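Below, each chain spelled out in residue letters.
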Amino acid sequence: MYLRQGTFSHLPELGDEEIAAQVRYALLNSWPVSIEYTDDPHPRNVYWEMWGLPLFDLDEPDGVLAEINACRATFPRHYIRVNAYDASYGRQTTALSFLVQRPADEPGFRLVRTESDDRRQRYGLHSYATDARAGERYSG
């Protein structure tokens, strides 16, 4: 299983220099950056936990990388992503979002089929990670 979420999900893992380049691009566009983490990466789970507050006052990526590394140290088995927000539309709009960490072993998802009225089939996804309680996922 290899989770495909975010802008660069079909590329090889980004190294710290590549992450810094993307953060620099966001900062040059005046997009504030935030860091989020989760142990439930379901595609419809858009509300990840925030690592601190959004980083509004930075103009170099070093501060963002320091926060990413602090988040990695605290949550070594979680997914961590960076979001950049474009406020030019007058509302919070995600301009850039990409993963900077994933667990070594990603358990994946299963397709769940449910029969409903008139024998209609409905489909959904179940994350194997949620079979364990929060905080106990990805412990292997």
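All of the points below concern the structure found in this document. In this text the structure is predicted, and so the values were computed from the model without any measurement.

Notes on the layout of surface pockets
- Put simply, the largest pocket is a space of about 190 Å³.
- Glu-36, Val-46, Tyr-47, Trp-48, Arg-81, Asn-83, Tyr-85, Gln-92, Thr-93, Thr-94 and Ser-97 together form the lining of the largest pocket.
- Broken down by secondary-structure element, the contributors of at least two residues to the lining of the largest pocket are strand 3 (79-86) and strand 4 (93-101).
- Per-class residue counts for the lining of the largest pocket are four nonpolar, five polar and two charged.

A few points about helix 1 (residues 16-28)
- Its 13 residues give helix 1 an end-to-end C-alpha distance of 18 Å, which sits within 8% of 18 Å, the value for a rise of 1.5 Å per residue.
- Along helix 1, the residues that are buried comprise Ile-19, Ala-20, Val-23, Ala-26 and Leu-27. Looking straight down helix 1, one finds that the buried residues subtend no more than 120° of arc, so they occupy a single side. Across from the buried face of helix 1, at angles greater than 90 degrees, the exposed residues are Glu-17 and Leu-28.
- Structurally, helix 1 contributes buried residues whose contacts are with strand 1 (33-38), helix 2 (62-74), strand 3 and strand 4.
- Positive backbone phi, at 60°, marks Ser-30, one or two positions downstream of helix 1.

Conventions we followed
- Residues numbered from 1 in each chain as written.
- Predicted model: local features only at pLDDT ≥ 70, side-chain atom pairs only at ≥ 80, totals over all residues.
- Heavy atoms only, no water.
- 1 Å grid on protein atoms, 1.4 Å probe; cavity = no way out; pocket = protein on both sides within 12 Å on 5 of 7 lines; lining within 4 Å.
- Points joined across faces, edges and corners; volume = space filled by probe spheres on them.
- Helix = DSSP H or I, 4+ residues; strand = E, 2+ residues; numbered from the N terminus.
- Nonpolar A, V, L, I, M, F, W, Y, C, P; charged D, E, K, R; others polar.
- Expected span 1.5 Å × (residues − 1).
- Buried < 20%, exposed > 50% of the residue type's maximum accessible area, 1.4 Å probe, protein only.
- Arc of directions from axis to C-beta.
- Contact = heavy atoms within 4.5 Å.

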